[in-house]
Amino acid sequence: MTNTVQVTGRSCYFQPSPLIIGDIIERNEKNVIKLDNYYLPGDLEMEISKWVEYYINDRLDESLDNVTPADMCFGIKEKILTQRQTIKQKTLLERKRINLKLRHQGVF
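What counts, and where the lines are drawn
Residues numbered from 1 in each chain as written. Predicted model: local features only at pLDDT ≥ 70, side-chain atom pairs only at ≥ 80, totals over all residues. Heavy atoms only, no water. Patch = residues over 30% accessible without salt bridge, like charges linked within 9 Å, V, L, I, M, F, W, Y side chains within 5 Å. Areas by Shrake-Rupley, 256 points an atom, 1.4 Å probe, with all protein chains shown as cover. Salt bridge = Lys/Arg side-chain N within 4 Å of Asp/Glu carboxyl O. Helix = DSSP H or I, 4+ residues; strand = E, 2+ residues; numbered from the N terminus. Expected span 1.5 Å × (residues − 1). Buried < 20%, exposed > 50% of the residue type's maximum accessible area, 1.4 Å probe, protein only. pLDDT = per-residue confidence, 0-100. Contact = heavy atoms within 4.5 Å. Phe/Tyr/Trp six-rings, centres within 6.5 Å; stacked < 30°, edge-to-face > 60°. Lys NZ or Arg CZ within 6 Å of the ring centre and 35° of its normal.

Concerning a nonpolar patch on the surface
Okay, so step 1: On the surface, Leu44, Ile48, Val52 and Ile56 cluster together into a nonpolar patch covering about 280 Å² of accessible area.
Okay, so step 2: Mapped onto the secondary structure, Val52 falls in helix 2 (residues 41-57).

Section: helix 4 (residues 77-104)
Okay, so step 1: The end-to-end C-alpha distance of helix 4 is 41 Å, a good match for the 40 Å that 28 residues give at a rise of 1.5 Å each.
Okay, so step 2: Just downstream of helix 4 lies Gly106, where phi reads positive at about 85°.

So, the pattern of salt bridges
Okay, so step 1: Applying the stated criterion across every chain yields a total of four salt bridges.
Okay, so step 2: The salt bridge involving Asp61 is made with Arg59; its shortest N-O contact spans 3.6 Å. The same class applies to Asp61 as to Arg59, namely buried.
Okay, so step 3: A salt bridge links Glu94 to Arg97, with the shortest nitrogen-to-oxygen separation between them at 2.5 Å. Here Glu94 and its partner Arg97 are both found in helix 4, three residues apart, which amounts to about one turn of the helix.
Okay, so step 4: Exposure remark for Glu94: the relative accessible area of 36% places this residue in the partly exposed category.

Things to note about the confidence of the model for the protein chain
Okay, so step 1: Chain-level pLDDT for the protein chain is 78 on average; 66% of the residues reach the 70-or-more range.
Okay, so step 2: Mean pLDDT in the protein chain bottoms out at helix 1 (residues 18-35), which sits at 60, and peaks at helix 4, which reaches 94.
Okay, so step 3: For the stretch residues 5-21, pLDDT sits under 50, and the model shows one contact to residues farther than four places along the chain or on other chains.

Thoughts on the environment of Glu47
Okay, so step 1: Within the secondary structure, Glu47 is located in helix 2.
Okay, so step 2: Remark: the alpha-carbon pair of Glu47 and Asp36, spanning eleven residues in sequence, is separated by 9.8 Å.

So, the packing of aromatic side chains
The geometry of an aromatic ring pair is captured by the separation of the ring centres together with the interplanar angle, meaning the angle of the planes.
Okay, so step 1: Inspection of the entire model under this criterion finds one aromatic pair.
Okay, so step 2: Here Trp51 and Tyr55 contribute two aromatic rings whose centre-to-centre distance is 4.9 Å and whose plane-to-plane angle is 25°, an arrangement assigned as stacked. Of this pair, Trp51 and Tyr55 are both found in helix 2, four residues apart, which corresponds to roughly one turn of the helix.
Okay, so step 3: Between Arg59 and the ring centre of Tyr55, over which it is positioned, the NZ or CZ distance is 3.7 Å.

Below, the structure is given as structure tokens:
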């Protein structure tokens, strides 16, 4: 006779945290460089320099409030965040104006 144990508890679904997802994305970007064939050293150097350019100048970093590392380094983070906040406020006011206009017209 065998002993059976009933296992209860959490579901078996894996839900990765955003940090793990970020690491996976960065790992995948690095793997793209590794998977391609480079027949000349200059080709590999050019591909690595493109990736570094993207990583520093184009990639928004969540830990830096979604600005690029270059923006953080050059000190324009606060300017960008202020611009985003201004755009957000204008958008919300415009939505409110449109909704009030529609409500007065009897659409809602």
